[in-house]
Every structure is written in C-alpha cells, then in structure tokens.
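Examination of the molecular architecture
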Amino acid sequence: MDSVHVMEPQRGAALIKEQFLTTKEKFHEFLASARPRASRDEADGDPEEPSGEPEQKRVKLDRDAEQKKKKMRGQNKSRPHIKPQSYEERRLCPSIVQERDTECVYGEKCRFLHDVSEYMCSKAADLGDQCYLFSSFGWCQYGVTCRFSRAHTSPELKNLRNEELCRRSTDTVSNHLDKDLQRRLRKKQQRFPGAEAYLKTVSRGEKSTHTSHAAGDAANGPETAVQRLNTLNPYSHLQLKQSLSTLLCSESQDGVDPPVKTLGPITDADVIKLRPSEKKQVDFRDKLYLAPLTTCGNLPFRRVCKRFGADITCGEMAMVTNLLQGQASEWALLKRHASEDLFGVQLEGCFPDTMTRCAELLNQNIDVDFVDINSGCPIDLVYKKGGGCGLMTRTSKFEQIVRGMNSVLDVPLTVKIRTGVQQNCSIAHKLIPEMKKWGVSLVTLHGRSREQRYTKSADWEYIDTCSKLAAPVPLFGNGDILTYEDAMKARETGVSGIMVARGALIKPWLFTEIKENRHWDISSGERLDILRDFTNYGLEHWGSDTQGVEKTRSFLLEWLSFLCRYIPVGLLERVPQKINERPPFYMGRDYMESLMASQHVDDWIRISEMLLGPVPKNFSFLPKHKANAY
C-alpha cells in the first residue's frame, strides 16, 4: 500500500482498515473512471459545478464574529426555495388518460392535450418494458403517460388490463381524503361537536376555579376527585355541584346530550367523563419504533423498514392548520399501507382549539392506532409559533391540548419530547409526571435539547431517570441508535422500547440486526436491491408517469444523502460504527460499494439513473440536510 494512504485518523472519523483508505483525489478519480466522458452539463458548455460534498471543518479565527453569526446546524438553510417543476411541456388531459366515456368538462378551455398521438411525439422515452403497477395489480392507472407504457398499451394506444390479477388485487393504501370532506373543510362547514364542548369547558374554567378543578379531576380519575371533594367545606361542595349542573345543562342546550343525570348526590360519574366506547388499547412495550421523519419518513420508506422488522410506524409530521383546511398534500402524509399493522400519525400545532378539532376530525375519518403530538420539533418555523419544542415551555396550553385531544379520541394519545430547549437546562423530568396526570399513553424522549441538535451524543442516563418518573406509563428512548449493541445498551436502562430515527435512514436493515443480535455485512448488491424496492414502492405511491418518476427520484436522493454515511462492517477496523463518526475517504470492495460511499450529489444522481433512467434536462436537486452534524 502506498505511503500516501497511511494517515493519522481524523478526529471524529471512523476507523477503517488501512488497505481500504485512500485520498479524496484518488477516490474521485476512481469513480470518474467509469463515468461517461461528457456529462450533461459539460455537453451544454456549462462550467464544472463545485463539489457536492460537505465542507471540511474550519478553525474559528474570530470568535466574536462567529458568536454574533447565527449558527445553522443540521438543515441546509442556505438552499433556495425551489417551486415544483413540470418535466413535460404538454401534458395529456386526465379524461384521456383515464379513458372516460364522457368528454372533458373544460372543453376548449382545457389547458391539456387531447390528442394522444401528438402527446406521444413529445413524450420522453420509456424507462423499461416492465411496469411495476401492471405486474402487481393488473392495471396501471397512468395509461399511455406511464414511463413503462409498452408493458400495458395496445398498438392502438389503449390501456390494457389483466382481469384475473385485477380481481385478486386489493387497495393496499388507506386514509385517503374524501372529496366531500375536503369541500366541507374548505367551506368551513365541518362540525366539531366534541371539540366545541371541550373548548367551552376550558373557557369557563378560566373564570371559575372550582370548575377547572372538576374538569382536571375528571381526567385524573376517581381518587383525585374524591380527595379534592374531601378537602372542600359543605358550601364549596354545593357550589361545585351547582357548577357541574350548570355546565351539563348548557351542553344539553347546545345540542350535546349530558353524559350523566344532574340530580341527586355527587358520584364519580359526575366528575369522570363517560365515553360512548372504550379507548383502543395498544401494547407499546418492547417494540422497535420507526420515528416520524420529515421528508424521508414517507410511505415507501416505511414499507422498506417494515420489511426489515420495524414494529411501530408513524406518518410524517402534519400541520393541523393545513389538515383543517383540507390541503391534499398534507392529508397525503396520513396515508397508511396495509403492511403497517401498528400505525400512528403525528400532529403539530400550538393551540388547543385547532389541535382538538383536528383530533376529532381524524378520529372520525381515518384509521390509525394512535395519535402523536409533536413536542420535539426544533426548527425555527415551528418553534417560534409556539409549536414543537415550544410546547414544553407552555405547560398550560400543552395541558389543554392533551386533555382536549384525549376527550375526542378513541385511540391512545402519545407525545414526543426532547430533554428541553436550552442545552444545559433539562425540563423533561418536570414535565413527564404532569403528562401522566393529563392522560398520555406513551412518552417518547429524544435525549437532546433543541439547542444541542446533533452536535453531541444523546443523554441516555437522563432518559433512564425520566423512564422511572414515567412509570407505569411506557417511555421510549431515542438517540444515537445505529447498531444492535447500541440497542442493547439502551435496553439496559428503564425504557419500555426504542425509537430509531437517523439509524434507520443510514441503514434500514438495522431493525433486523437488533432482532437477530448481529452485525450484517450487507453487500452493495443487496443495498441496490433495497433501493430498487424503494423506487418500485415510490412509483406505486407517487405515480409511474413523468411527474411521479421524478418525485420518486427526489425522495430517493434525499435518502441517499443519509445512506452514504454507512460504512460496510467488513471495512471497519473497530466494530461497530458510531453514528456521530464521519466516514473518511475509502475504496469499497467493488465499484458499487465505492459509489454508494460518495457524498457528491452527482454520484447520488448516477445511482438514481441506474433505477429510474436519465434525469430530465431541467432537473436540479439540493439536499435538505447538510452532513455537517452527524
């Protein structure tokens, strides 16, 4: 081995066997040896683009200037806002694609093409002879616009069907947005009787101390109610009874039937809300929980993780205001695949009224096993409005949100939090005992603060302390789980289960490693097969037409920005790899393994072209996350 390869290990870098180490120049020279001589940019005469790799750490020269400059960690905040692109100059009218019997309702004003032959002249070339949708379901809804249309179109350009396969196939995705519901939401005609009843008790509780105590006791249980009644004098006891009677009668006048009779002596039923149906019980303990991951935690990725052994899955963070407005793009985050046997959705909001109404809306219209409140999101857009981590410092509103959502949900309510907001000021241990009283069914604790982000290791000792405070409510720990050994150490604490986030993005087969207690030295061919499955799931979810293909590609590229951090087990000098260790430049055991280790955006695009064909001329991609904080 050349002496140039022998180098001192960099601080924070993973230890790799010496025979695989190389330099940046030789690494890129090796990858370039298999590239086409003229890239798409060079063919257009454009200058060479700068490297897509993260910049090296620089020594701080002016500390005062650096402190004044706001730190931007984790997110690629300098990325310009890019509007969704259309990769087809002329698109075919949906009425023609779906081969409807009726004519287009827009007639001559329709901005889409109605001539199939004209469309086929401008359509991009097919990507293959086999359509995943047609092979799986016997029918492809995208017809001639499908980028694999040769597999299911006749010489007359008619869409073919495999009737036998169609009869056997079923709809595998649920939680679609109903058009009538969307219309009612947009026109603000949707009613929320349960939420309105609760919000009235909140507004009255702000004026009457005894009423607020009664409402709190109702959620805490009969023992708390009896203890408080015993401490009141007879006059206060009568006053409380009158307040409850007034409250229940007003609900009856508003069209909401009182849950119990309002005459006679006070009983537990007077202060404990009776539900028309029992809450669904979910056993969370000793399960592997795939974290709700914004952008990358989409439905195709969750299907990949379910294949490798994830027990619990959760949809991406959804904004309650967008859901209440009937935005289709936000409702798409709630979709559930049939393979997700234990599935929940995560909601983000900062006010009791919107959160309670949204909880009631979802309780009536979608199928989930639990609902999660996001109280851990660190991004400024959410935090500055009082949502995400901001809820941890607004305990009064937080309590109203939890109690309100619990009052309208028939499924368990869970909460995801961080240690706190400031780095050296943890508050989760103070909040968890309160959340037990509010009726939370599960707490997930990320062992970092908002300020800390990913710059330091997760504090599992603190998670252990909080798990004891949470008992008997289950508490899941989250942070720095990349190997089964990390999971074993986490289970030595008092946590009821483990949530996996970045570890699943870097190596989705982590769930298999944890369940089988082994390190999996997975080959580059097996990893490429995983990516191929993801693209097939993406074509099924986002579509196999040009727009769907490019949307699948963009999500694949976002995922590849994490996958490149994985170092094969057979190359490591010290097993296991730590999640915060950077991979140095190394040569893989074959060309594909080396290509997958590249942190250059152009190499990620090359991998996507192996699965989804060449990118369009106007294609551009910038990752949402930087790799400056592992």
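An unreviewed UniProt entry annotates the protein chain as tRNA-dihydrouridine(47) synthase [NAD(P)(+)] of Cyprinus carpio. Turning to the protein chain, the UniProt annotation filed under Cofactor (unreviewed entry) states: "FMN".

Along the backbone of the protein chain there are 28 helices and 11 strands. Looking at the protein chain residue by residue over its 630 residues, the buried ones come to 51%. Only carbon and sulfur atoms are counted for the fraction: they give 50% of the accessible area of the protein chain, which is about 31700 Å².

Another point: the confidence of the model for the protein chain. Across the protein chain, the average pLDDT comes to 82, with 77% of residues at or above 70. This stretch, residues 1-6, has a pLDDT under 50; its non-local contacts, to residues over four places away or in other chains, come to 9 contacts. For residues 37-51, every residue scores under 50 in pLDDT, and the model assigns this stretch 9 contacts once sequence neighbours within four places are set aside.

Right, let's get into the pattern of salt bridges. Tallying each qualifying case throughout the model produces 28 salt bridges. When salt bridges that share partners are traced, they join Lys280, Arg336, Asp367 and Asp369 into one network.

Below, the discussion takes up the UniProt feature "domain: C3H1-type" (unreviewed entry) in the protein chain. Sites flagged by UniProt as "domain: C3H1-type" (unreviewed entry) map to residues 87-117 and 130-155. Between the end C-alpha atoms of residues 87-117 the distance is 19 Å, and the span holds 19% helix and 0% strand. In residues 130-155, the share of helix is 23% and the share of strand is 0%. The end C-alpha atoms are 16 Å apart.

A few words on the packing of aromatic side chains. Scanning the entire structure with this criterion turns up 11 aromatic pairs. Aromatic pair Phe27 and Phe585: ring centres 5.7 Å apart, planes at 55°, arrangement tilted. In this pair, Phe27 sits in helix H1 (residues 24-32) while Phe585 sits in the loop between helix H26 (546-563) and helix H27 (591-596), placing the two residues 558 residues apart along the sequence. Members of the aromatic cluster, connected to one another through ring pairs, are Phe284, Tyr289, Phe370 and Phe476. The aromatic ring of Tyr537 is capped on one face by Arg303, whose charged end is 3.8 Å from the ring centroid.

It is worth spelling out the environment of Asp529 at this point. Among the secondary structure elements, Asp529 is positioned in helix H25 (residues 524-542). Taking the C-alpha atoms as reference, Asp529 lies 9.8 Å from Leu611; in sequence the two are 82 residues apart. Within the local environment of Asp529, its side chain forms a polar contact with the side chain of Arg532, the two groups lying 2.9 Å apart.

Now for the side chain of Arg450. Summarising the element assignment, Arg450 is placed in the loop between strand E9 (442-446) and helix H21 (460-470). Here Pro378 takes part through its backbone oxygen, which lies 2.9 Å from a polar atom of the side chain of Arg450. Apart from residues lying up to four places away in sequence, Arg450 is in contact with Pro378, Ile379, Asp380, Tyr383, Cys389, Arg418, Gly420 and Val421.

Once that is clear, we can look at H26. For H26, built from 18 residues, the straight-helix expectation of 26 Å at 1.5 Å per residue is met to within 8% by its first-to-last C-alpha distance of 25 Å. Of all 18 residues that make up H26, 15 are buried, and the element is covered over most of its length.

Procedures and definitions
Position numbers for residues count from 1 along each chain, tracking the sequence in the order it is written. Side-chain atom pairs in this predicted model are given and counted only at pLDDT of 80 or more, local residue features only at pLDDT of at least 70, and totals for whole chains, interfaces and linings cover all residues. Where side-chain values are given, they derive from all heavy atoms of the structure, hydrogens and water being excluded. UniProt positions are given in the numbering used here, feature names are shortened, and annotations may be inferred rather than shown by experiment. A run of H or I in DSSP counts as a helix once it spans at least four residues, and a run of E counts as a strand once it spans at least two, with each numbered from the N terminus. Only protein chains enter the accessibility calculation, which uses a 1.4 Å probe; a residue whose area is less than 20% of its type maximum is buried, one above 50% is exposed, and one in between is partly exposed. Computed with the Shrake-Rupley method and a 1.4 Å probe, the accessible areas treat only the protein chains shown as cover for residues. Summary of the metric used: pLDDT quantifies the predictor's per-residue confidence within the range 0 to 100. Here, residues are in contact when the closest pair of their heavy atoms is within 4.5 Å. A carboxyl oxygen of Asp or Glu within 4 Å of a side-chain nitrogen of Lys or Arg is what we treat as a salt bridge. Any two of the Phe, Tyr and Trp rings considered here, Trp counted by its six-membered ring, make a pair once their centres fall within 6.5 Å; the pair's planes then place it as stacked at under 30 degrees, edge-to-face at over 60, or tilted in between. Whether a charge sits over a ring comes down to the Lys NZ or Arg CZ being within 6 Å of the ring centre and within 35 degrees of the ring normal. Counted as a polar contact is a pair of N or O atoms within 3.5 Å, where, for protein atoms, one must be capable of donating a hydrogen and the other of accepting one, and residues adjacent in sequence contribute only when both atoms are in side chains. Multiplying 1.5 Å by the helix residue count minus one yields the expected span of that helix.

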